[in-house]
Amino acid sequence: MRDFLRSSVARVWVPVLGLAAGRAYLDRGTDPGDLIYFVHKGEQLLSGGWANTFSDPMLQSGPLQLVVFGAVRNLAALAFVLELTVAVLLLYVLGKVQVGDRIRLLVGVLAVAAGLTQGAFIDGHPAEAIVPLLWVLAGLYAREDRVLRAGALIGVSAGLELWGVLGAVVLLLAPRLKRAFVGGLVETGVVVAMLAPFALAGSFRMFDHQWRVATGTILGLVVEPGTHFDWKLRLLQSALALAVGAAIATALRRSVHALWLAPLGLVIVRLVLDPLAFGWYFLEPEALVLVGAGLVLSRLRNLRAWLDTSSISKASEQSSQGAASSAN
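Residues numbered from 1 in each chain as written. Predicted model: local features only at pLDDT ≥ 70, side-chain atom pairs only at ≥ 80, totals over all residues. Heavy atoms only, no water.

Points about helix α6 (residues 101-113)
Every α-helix winds through 3.6 residues per turn, so residues three or four apart in the chain are directed the same way. For α6, with 13 residues, the first-to-last C-alpha span of 18 Å sits near the 18 Å given by 1.5 Å per residue. Residues D101, I103, R104, V107, G108, A111 and V112 constitute the buried set of α6. Directly after α6, the chain includes G115, whose backbone phi takes a positive value near 95°. (Helix = DSSP H or I, 4+ residues; strand = E, 2+ residues; numbered from the N terminus. Expected span 1.5 Å × (residues − 1). Buried < 20%, exposed > 50% of the residue type's maximum accessible area, 1.4 Å probe, protein only.)

Structure (structure tokens):
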């Protein structure tokens with residue numbers, strides 16, 4: 001029992017997941033907005049009419065996300081599934097980047113308190129919180145030259161929402177550019193494998209959708225609100241975001257902070273150039289900043305420990321020299 005109480009499970013996972021579960025319990029009766037529409041589409045995907053799931057251009061969700069929604073169906077259950085998933089993934093990612101238990105606990109509690117887990121459900125777009133965390137994990141795999149796993153994970157993130165493909169930027173953290181290219185091929189293969197059946201067997205109209213520039217957006221200060229924003233402009237927006245993310249990844253590739261700063265730069269450009277400004281968009285930078293906070297606090301703690309050790313060593317050395325002088 002004593003060993004359990006000293007373990008990460010008792011010190012980190014139980015309290016954070018307990019708080020997340022409590023938050024989900026309170027949220028279970030909340031209207032989750034677009035999630036209701038996604039659940040209906042998920043049910044269609046799991047039915048005989050699956051081939052026409054994407055016949056509605058409004059549907060911009062990925063098939064993997066719809067499978068989860070359609071399988072669970074119950075909104076109260078989804079509150080627990082989604083909010084706990086975000087909490088688990090955040091703690092797991094922090095552990096993988098060597099953040100200690102105390103700081104993981106702090107960041108996990110902060111994630112619940114700041115609304116990251118709650119937003120994943122009540123805003124109806126859980127991918128906004130989950131995809132950036134998958135990117136960080138993929139970046140870690142890329143740094144370790146496990147590019148097949150990294151590419152597959154980014155492909156999976158695109159299965160939640162298609163903009164997940166932009167996570168390809170973290171593949172630049174691989175030891176060699178050729179390896180990053182291999183990871184990109186894997187990512188492409190995963191995305192094509194997920195979408196091709198719908199395009200071949202039914203009506204696939206995801207790319208027919210057009211947005212309109214909304215009032216109150218940064219883009220709305222440059223162009224007239226109401227202006228059409230189609231997929232060609234989405235590609236331009238994505239290219240600019242990728243360019244910024246790639247520049248950061250290249251400049252910081254030897255630093256562990258590239259894992260969150262490169263995606264963060266990409267996300268910020270993407271949000272600035274987006275024709276819309278929904279509240280759930282900000283779950284993306286929030287998730288990345290929480291990972292960054294964990295890494296920064298961890299490094300500061302290690303630095304402090306090193307400075308304390310150095311001070312003790314110097315004091316001990318001076319004491320030994322003083323004792324030697326007295327003896328002489």
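Topic: the packing of helix α3 (residues 35-45) against helix α4 (residues 63-72)
The N-to-C vectors of α3 and α4 enclose an angle of 90°; their axes lie 7 Å apart at closest approach. When the axes of α3 and α4 are compared, the pair comes out roughly perpendicular. Of the residues in α4, those touching α3 at L35, F38, V39, K41, G42, E43 and L45 are P63, L66, V67, F69 and G70. For the contact of α3 with α4, the residue count by class is 8 nonpolar, 2 polar and 2 charged. (Axes fitted to C-alpha atoms, helices over the stretch in contact; angles between N-to-C directions. Parallel < 35°, antiparallel > 145°, perpendicular 65-115°, else oblique. Contact = heavy atoms within 4.5 Å. Nonpolar A, V, L, I, M, F, W, Y, C, P; charged D, E, K, R; others polar.)

Topic: the packing of helix α2 (residues 8-27) against helix α5 (residues 75-96)
Across the interface, α2 lies against α5 with an axial gap of 9 Å and an inter-helix angle of 155°. By the angle between their directions, the pair α2 and α5 is classed as roughly antiparallel. Between α2 and α5 the crossing geometry is right-handed. Side by side, α2 and α5 meet where V12, W13, V16, L17, A20, A21, R23, A24, Y25 and D27 of the first sit next to A79, F80, E83, L84, A87, V88, L91 and Y92 of the second. (Left-handed = near helix turned anticlockwise from the far one by under 90°.)

Quick look at the side chain of D27
Looking at where D27 falls in the secondary structure, it is placed in helix α2. At 3.1 Å, the side chain of D27 forms a polar contact with the side chain of Q118. The contact partners of D27, leaving out residues within four places of it in the chain, are E83, Q118, F121 and I122. (Polar contact = N/O pair within 3.5 Å; in protein donor to acceptor, adjacent residues only side chain to side chain.)

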